[in-house]
Amino acid sequence: MKMIFQITSSETGKVLIRRRKIAKALRWWLRENGIDFDYRYYMV
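All residue numbers refer to position in the chain's written sequence, counted from 1. In keeping with the predicted nature of the model, local features appear solely for residues at pLDDT of at least 70, side-chain atom pairs appear and are counted solely at 80 or more, and the whole-chain, interface and lining totals rest on all residues. Water and hydrogen atoms play no part in the side-chain values, which are based on all heavy atoms of the structure.

Chemist: Help me understand the pairing of strand 2 (residues 13–17) in this model?
Modeler: Each regular strand carries side chains that alternate between the two faces of the sheet. Pairing between strands requires that DSSP locate at least two bridges from one strand to the other. Only DSSP runs of H or I with at least four residues qualify as helices, and only runs of E with at least two residues qualify as strands; both kinds are numbered from the N terminus onward. Examined bridge by bridge, strand 1 (residues 3–9) and strand 2 share 5 bridges and lie antiparallel to one another. If you follow S9 over to strand 2, its bridge partner there is G13. Between strand 1 and strand 2, which pair antiparallel in sequence order, lie 3 residues.

Structure follows, in structure tokens:
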């Protein structure tokens, strides 16, 4: 089973990422810049 992380924000749009560390870094960057985002993950 693989994880797919979905991060949606007004700045980036809808982003699908397979790597957990990259998804974590993007969430951190959005949080640092004060951008609201929605985060979900799926098992495929």
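Still to come is the rest of the account.
Chemist: What is the right way to read the environment of I22 from this model?
Modeler: Checked against the element boundaries, I22 lands in helix 1 (residues 20–32). A relative accessible area of 48% places I22 in the partly exposed class. When the C-alpha positions of I22 and F5 are compared, they lie 9.6 Å apart, and in sequence the two are 17 residues distant. Three labels apply to residues, based on accessible area from a 1.4 Å probe with only protein chains included: buried if under 20% of the type maximum, exposed if over 50%, partly exposed otherwise in between.

Chemist: Looking at this structure, how should I read the pattern of salt bridges?
Modeler: Side chains bearing opposite charge may pair, as long as their charged atoms lie close to each other. The salt bridge criterion pairs a side-chain nitrogen of Lys or Arg with a carboxyl oxygen of Asp or Glu, the two atoms within 4 Å. Applying the stated rule across the entire model yields 1 salt bridge. The salt bridge involving R40 is made with D38; its shortest N-O contact spans 3.1 Å. Given a relative accessible area of 45%, R40 falls into the partly exposed group. When its relative accessible area of 35% is taken as the criterion, D38 is described as partly exposed.

Chemist: Would you explain the nonpolar core in this entry?
Modeler: Soluble globular proteins tend to pack their nonpolar side chains together in the buried interior. Counting 7 residues, the largest nonpolar core consists of F5, I7, I17, A23, L26, L30 and I35. When residues of this core are traced back to their parent elements, those giving at least two are strand 1 and helix 1. Take this core: its biggest share by element is 3 residues, from helix 1. Whether two residues are in contact is decided by their heavy atoms, any of which lying within 4.5 Å being enough. In contact with L30, other than residues within four places in its own chain, are I7, S9, T12, I35 and F37. The definition of a nonpolar core used throughout is a set of buried Ala, Val, Leu, Ile, Met, Phe, Trp, Tyr and Cys residues joined through side-chain atoms within 4.5 Å.

Chemist: Explain the environment of S10 to me, please; I cannot follow it from the model alone.
Modeler: Along the chain, S10 turns up in the loop between strand 1 and strand 2. Taking the relative accessible area as the measure of exposure, S10 reaches 71% and is therefore exposed. Taking C-alpha positions, S10 is 16 Å from W28, a pair spaced 18 residues apart along the chain.

Any functional reading would require information beyond the geometric quantities listed.
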